[in-house]
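An overview of the molecular structure
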Amino acid sequence: FPRSPCEQCVVASSLTTFDLHSIAPRLKLHLMLVHMLISLKRWAVLPKYFKYWALLAMLLDSALTFAIVWKVPFTNVDWEAYVAQVDAVLMGEFDYRNLHGPTGPIAYPAGFCWLFGFLRWTGLPLFALQLLFAALYLATLAVYIDIYRLAGAPGYLLVLCTLSKRVHSI
């Protein structure tokens, strides 16, 4: 055992620090992985990193959304139903019991009919309407992100906002 206080300090410091070069390579790799996981966990949950998660979510979802609009063939199952229901409203039918489309009765509020009626009135091509809905979706995503931020949610939860296939199908 050390005899003097100075010798005790040297022994204590040698117990708390170690030379990574003297540790076996597998242990060194393990320590580096543990350090990376701890850093990743901090990055995922600390509020100061939320803005980076938000930026990442917006950029990735923007790329995904516009790739879907550009590459995925348009499926008009919902569109045909919307148009049939909107046309009925525009022709003066306001009784929801009588508003039907190819997929069944209407399930949306009247504002939906007027919005889609306006979009049909503009005469915009379908691709332009898809881009308009993509922009509307991204604006909605920005609102979700701000709600998550105000709620103090960890940033990694923003991934859940982008996983809905249904939202991307419109």
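Everything in this summary refers to the structure shown in the same document. None of these values were measured; they are calculated from a predicted model.

Turning to the side chain of Q130, a few remarks are in order. With respect to the helices and strands, Q130 occurs in helix α6 (residues 126-151). Residues contacting Q130, with those up to four places away along its chain left out, are V69 and F74.

This next bit is on helix α3 (residues 50-71). The end-to-end C-alpha separation of α3 is 31 Å, in line with the 32 Å expected for 22 residues at 1.5 Å each. Every buried residue of α3 is accounted for by F50, W53, A54, A57, D61, S62, T65 and V69. Angular distribution of buried residues about the axis of α3 spans 160 degrees; they occupy a single face of the element. Along α3, the residues that are exposed and aim more than 90 degrees away from the buried face are L55, L59, L60, W70 and K71.

It is worth spelling out α6 at this point. Between its first and last C-alpha atoms α6 spans 37 Å; for 26 residues at 1.5 Å apiece the expected length is 38 Å, and the two agree. What α6 keeps buried is the set L129, Q130, F133, A134, Y137, L138, L141 and I145. Taken from the residues just after α6, G152 is the one with a positive phi, measuring 75 degrees.

In this structure the tally under the stated criterion is ten aromatic pairs. Where Y82 meets F116, the ring centres are 5.1 Å apart and the plane angle is 65 degrees; that geometry is what we call edge-to-face. Of this pair, Y82 sits in helix α4 (residues 77-90) while F116 sits in helix α5 (residues 110-122), and the two are 34 residues apart along the sequence. An aromatic cluster of three or more residues is present, and its members are Y82, Y108, F112, F116 and F133.

Here we come to the environment of L119. Within the fold, L119 resides in helix α5. The class for L119 is buried, based on a relative accessible area of 6%. Between the C-alpha atoms of L119 and L129, which are ten residues apart in sequence, the distance is 7.8 Å. For L119, the contacting residues outside a window of four places in its chain are L124, L129, L132 and F133.

Grouped together as the largest cluster of nonpolar side chains are 14 residues, with contacts concentrated most on W79, L99, F112, C113 and F116. For this core, the elements supplying multiple residues, two or more each, are α4, α5 and α6. Here the element with the most residues in this core is α4; it accounts for six residues. In this structure W79 touches F74, F116, L126 and L129, once residues within four positions along its chain are discounted. Among the nonpolar cores identified, the runner-up in size contains eleven residues, and W53, Y137, L158 and C161 belong to it.

Reading the values: the criteria
- Throughout, residues of each chain are indexed from 1 in the direction in which the sequence is written.
- At least 70 in pLDDT is required for a residue's local features to be given in this predicted model, at least 80 for side-chain atom pairs to be given and counted, and no such filter applies to totals for whole chains, interfaces and linings, which use all residues.
- Just so you know, side-chain values use all the structure's heavy atoms and leave hydrogens and water out.
- By the criteria applied, helices consist of DSSP H or I runs no shorter than four residues and strands consist of E runs no shorter than two, each listed in order from the N terminus.
- It only takes one pair of heavy atoms within 4.5 Å for two residues to be counted as in contact.
- One less than the residue count of a helix, multiplied by 1.5 Å, gives the span that helix is expected to have.
- To sort residues, take the accessible area from a 1.4 Å probe on protein chains only and compare it with the maximum for the residue type: under 20% means buried, over 50% means exposed, and anything in between is partly exposed.
- Think of it as the arc spanned by the lines of direction from the helix axis to the C-beta atoms.
- Classification of ring pairs rests on two measures: the distance between centres of Phe, Tyr or Trp rings, Trp counted by its six-membered ring, which must be within 6.5 Å, and the angle between planes, read as stacked under 30 degrees, edge-to-face over 60 and tilted in between.
- Here the nonpolar core consists of buried residues drawn from Ala, Val, Leu, Ile, Met, Phe, Trp, Tyr and Cys, with membership extended through side-chain atoms lying within 4.5 Å.

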